[in-house]
Amino acid sequence: MRPHAILKPVGAGLCCPPGGFHIDPVRPVERALITHGHSDHARPGHGAVLATQETLDMMRLRYGDNFAGSTQAVAYGETVRLGDVTATFHPAGHVLGSAQIAVTNGNTRIVASGDYKDTPDPTCAPFEVVPCDVFITEATFGLPVFRHSDPDGEIAKLLDSVALFPERAHLVGAYSLGKAQRVIALIRAAGYDAPIYLHGAMEKITRYYEACGIRLGELRMAKGMTKADLAGTITLAPPAAITDIWTRRFPDPVAAFASGWMRVRARARQKGIELPLVISDHADWDGLTATIDATGAGEIWVTHGQEDALVHWCQSKGLKARPLDLVGYGDEDEAALTPGETGA
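In this text, all values refer to a predicted model and were calculated from it rather than measured experimentally.

Conventions and cut-offs
Numbers given for residues are sequential positions, taken from 1 along each chain in its written order. Residue-level local features of this predicted model are given only where pLDDT is at least 70; pairs of side-chain atoms are given and counted only at 80 or more, and the full residue set underlies all totals for whole chains, interfaces and linings. Each side-chain value is worked out from all heavy atoms of the structure, with water and hydrogens disregarded. Put simply, DSSP H or I for four residues or longer makes a helix, DSSP E for two residues or longer makes a strand, and each gets a number counted from the N terminus. Atoms considered for the radius of gyration are the C-alpha atoms alone. The globule rule reads 2.2 Å times the number of residues to the power 0.38. For every residue, the accessible area (1.4 Å probe, protein chains only) is compared with the maximum for its type, and the residue is labelled buried under 20%, exposed over 50%, or partly exposed between those bounds. We call two residues contacting when some pair of their heavy atoms lies within 4.5 Å. Areas reported as accessible are Shrake-Rupley estimates using a 1.4 Å probe. Residue values count occlusion only from the protein chains shown. When charges are tallied, Lys and Arg are placed among the positive residues and Asp and Glu among the negative ones, while His and the ends of the chain are skipped. We put the charge of a Lys on NZ, of an Arg on CZ, of an Asp on CG and of a Glu on CD. Two strands pair if DSSP finds at least two bridges between them. Only C-alpha atoms enter the line fits that serve as axes; for helices the fit covers just the stretch in contact. Angles between N-to-C directions range over 0 to 180 degrees. Think of a 1 Å grid over the protein atoms and nothing else: a 1.4 Å probe that fits but is trapped marks a cavity, an open set flanked by protein within 12 Å on at least five of seven lines marks a pocket, and residues with an atom within 4 Å of a point count as lining. Grid points are joined across faces, edges and corners, and a volume is the space filled by probe spheres set on the points. Amino acids are sorted into nonpolar (Ala, Val, Leu, Ile, Met, Phe, Trp, Tyr, Cys and Pro), charged (Asp, Glu, Lys and Arg) and polar (every other residue, Gly among them). Among buried residues, the Ala, Val, Leu, Ile, Met, Phe, Trp, Tyr and Cys ones that are joined through side-chain atoms within 4.5 Å form a nonpolar core. By disulfide we mean two sulfur atoms from cysteines, separated by a distance within 2.5 Å.

A. Broad picture of the overall build of the protein chain. Secondary structure assignment for the protein chain yields ten helices and 19 strands. Taking 20 Å as the expected radius of gyration for a compact globule of 344 residues, we find that the protein chain reaches 20 Å, a close match to that expectation. Out of the 344 residues belonging to the protein chain, those deemed buried represent 58%. In the protein chain, 61% of the contacts between residues at least 6 apart in sequence involve partners at least 24 apart. When the accessible surface of the protein chain is summed, it comes to about 13300 Å², and 51% of that surface belongs to carbon and sulfur atoms. Positive and negative charge centroids in the protein chain, built from 32 and 40 side chains respectively, lie 3 Å apart.

B. Looking closely at the sheet that holds strand β1 (residues 8-10). Read across the open sheet, the six strands follow the order β1-β2-β3-β4-β5-β6; overall the sheet is mixed. On the outer flanks of this sheet lie β1 and β6 (68-73), each paired with one strand and no other. Averaged over all pairs of adjacent strands, the angle between strand axes in this sheet comes to 35 degrees, irrespective of strand direction. Sheet analysis places strand β3 (residues 21-23) next to strand β4 (residues 31-33), joined by two bridges and oriented parallel. By the bridge assignment for β4, Ile23 is matched with Leu33.

C. Examining the sheet that holds strand β18 (residues 299-305) more closely. If you walk across this open sheet you meet the seven strands as β7-β8-β9-β10-β11-β18-β19, and the pairing is mixed. The open sheet has two edge strands with one neighbour each: β7 (79-82) and β19 (320-323). Each strand of the sheet is rotated relative to its neighbour by a mean of 20 degrees, with strand direction disregarded. By the bridge criterion, three bridges tie strand β10 (residues 108-112) to strand β11 (residues 134-139) in an arrangement that is parallel. Looking across to β11, one finds that Ile110 is bridged to Val134. Strands in contact with helix α8 (residues 285-295) are β11 and β18; relative to β11, the strand with the most contacts, it is inclined by about 170 degrees. Each of β11, β18 and β19 is contacted by helix α9 (residues 307-316), which is oriented at about 165 degrees to β18, the strand it contacts most.

D. View of empty space enclosed by the protein. In this structure the tally under the stated criterion is two cavities of 30 Å³ or more. If you add up the space inside the largest cavity, you get close to 110 Å³. Looking at the lining of the largest cavity, the elements with two or more residues in it are β11 and β18. A per-class count over the lining of the largest cavity returns seven nonpolar, six polar and two charged.

E. Fine view of unusual backbone geometry. Positive phi values are uncommon outside glycine, yet Asp24 reaches one of about 50 degrees. Position of Asp24 relative to the elements: it lies in the loop between β3 and β4. Exposure remark for Asp24: the relative accessible area of 4% places this residue in the buried category. In this model, Asp325 sits at a positive phi of 60 degrees, which is unusual for a non-glycine residue. Residue placement: Asp325 occurs in the loop between β19 and α10 (332-335).

F. The nonpolar core, seen in detail. By size, the foremost hydrophobic cluster in this structure holds 35 residues, and its most contacted members are Leu158, Val172, Ile187, Tyr209, Ile234, Leu236 and Leu277. Looking at this core, the elements that each hand over two or more residues are α3 (151-164), α4 (179-189), β13 (196-198), α5 (203-211), β15 (234-237), β16 (254-258) and β17 (275-277). Tyr209 has contacts with Met58, Val95, Leu96, Thr123, Leu177, Gly178, Gln181, Ile214 and Leu216, leaving out every residue within four places of it along the chain.

G. Spatial organisation of the state of the cysteines. A full pass over the atoms with the stated rule returns zero disulfides. Of all cysteine sulfurs in the structure, the one in Cys124 sits closest to Cys212, which takes part in no disulfide; the separation is 12 Å. Here Cys314 is not disulfide-linked; the sulfur of Cys132 is the nearest cysteine sulfur, at 12 Å. By relative accessible area, which is 0% here, Cys314 ends up buried.

Written as structure tokens, this is what we have:
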């Protein structure tokens, strides 16, 4: 069966007609395979959902117990037969429970990456290269200008600022699923052992990470603390919260934001970010191109971001490549810059 008959873009997302399912559909479908728990990929209302246990748990935390008609947990390395194809889940290194999905029919294997990164992260399983014939890659940072900084160096900038301004509170904007927990783990790895404070919107998911055995040190809720208590502290909050009225409870707050988009300094200035931290849970340009090479795929389908530049790079290397032009997906850091998930 030709690749385009195995997986094809449709209005609801990426569809597998011979398997009777969609991958990360943007509207309710009969059967959905979900790569990870971010809201632009994991939506409620499907008849059946197959995902890793962690992703199913994230969906329950966000949408309630009845987010789907039925659910099936699929472990990394596990293969399930669906119609005329098999689907195998492999670690994507993006956030806890994130998975690439390998769809196989006969001798043809297509890997849908979902969102991924190829750099170490103490809060999730590392990315696994899956050899395939067709690789469907994200391209959130699919331009050569995007080369992410060493995250340890970015955390050092944060801790240097905390030491330099002991009278001020540092508010770090980070998406509540994945980025926040990774930033906390990196801060701990750098030797910072004081309590770290959380915005209310961070609590449920962060406690779930701890329940999965991820050690994050002493965490406290910012709610109810006095300004004097919060001087010299670090608080994690959704990006939209760090520049709104919620910040009035903090003494002369330093607004920081952990995102790959902070490579674009004009964007940081526009959003009022005093301390940009270039820490991303997506592969940068070098990570994208190295991963494409490593898969050995002869055909590349590009989606979710800067598609044209990556398609051109693939073609210059003699690979067949095309953009998928799927709609309804966006980088969670970018989406989080607008008001939304900003609980008490």
